[in-house]
Amino acid sequence: LSRVPVIATRAGGVIDMIKHNINGFLCELDNSHKMAELVEHYLKNREQYVYILENAYSYAFATFSHQKLVENVDSLYQFLFKKMSNLTD
């Protein structure tokens, strides 16, 4: 997990992970001018830059950390074990 600003287009699964002006910036597909404006905005607004980075890191850590992965796999195994137990009863 790194603290890198994210500027992405509103396409595919990225819109489920990035919340505009909360943990990154989104712009419309094929709008390179807007993307360049967002980069410039990041560079000129240090306070918002830090706010976005901290939110992005917190979201990524809570969602994609090793601990979260272990918890998700454990939950999946418990769910499957219960399902299999119910089939054999």
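Residues numbered from 1 in each chain as written. Predicted model: local features only at pLDDT ≥ 70, side-chain atom pairs only at ≥ 80, totals over all residues. Heavy atoms only, no water.

### Some words on the packing of aromatic side chains
What counts is decided by this rule: Aromatic rings from Phe, Tyr and Trp, with only the six-membered ring used for Trp, were paired whenever their centres fell within 6.5 Å, and each pair was classed as stacked if the ring planes differed by under 30 degrees, edge-to-face if by over 60, and tilted otherwise. To qualify as a helix, a DSSP run of H or I must reach at least 4 residues; to qualify as a strand, a run of E must reach at least 2; elements of each kind are numbered from the N terminus. For each residue, the accessible area found with a 1.4 Å probe, counting protein chains only, is set against the maximum for its type, and the residue is called buried under 20%, exposed over 50%, and partly exposed in between.
All told, the structure shown has four aromatic pairs when counted by the stated rule. With a centroid separation of 4.6 Å and an interplanar angle of 80 degrees, the aromatic rings of Phe25 and Tyr42 are classed as edge-to-face. Placement of the pair is Phe25 in strand S2 (residues 25–27) and Tyr42 in helix H2 (residues 32–44), with a sequence separation of 17 residues. Per residue, the accessibility class of Phe25 equals that of Tyr42, and both read buried. Taken together, a centroid distance of 6.2 Å and an interplanar angle of 20 degrees make the contact between Tyr57 and Phe61 stacked. Pair noted here: Tyr57 and Phe61 are both in helix H3 (residues 46–64), with a separation of four residues, about one helical turn. Overall, the relative accessible area of 24% leaves Tyr57 in the partly exposed class. Chaining the aromatic ring pairs together yields one cluster made of Phe25, Tyr42 and Tyr49.

### Some details on the nonpolar core
Selection criterion: Think of a nonpolar core as a cluster: buried Ala, Val, Leu, Ile, Met, Phe, Trp, Tyr and Cys residues, connected wherever their side-chain atoms sit within 4.5 Å.
Among the nonpolar cores identified, the biggest contains seven residues, and these are Phe25, Cys27, Leu38, Tyr42, Tyr49, Ile52 and Leu53. Where this core is concerned, the elements lending two or more residues are S2, H2 and H3. In terms of residues, this core owes the most to one element, H3, which gives three residues.

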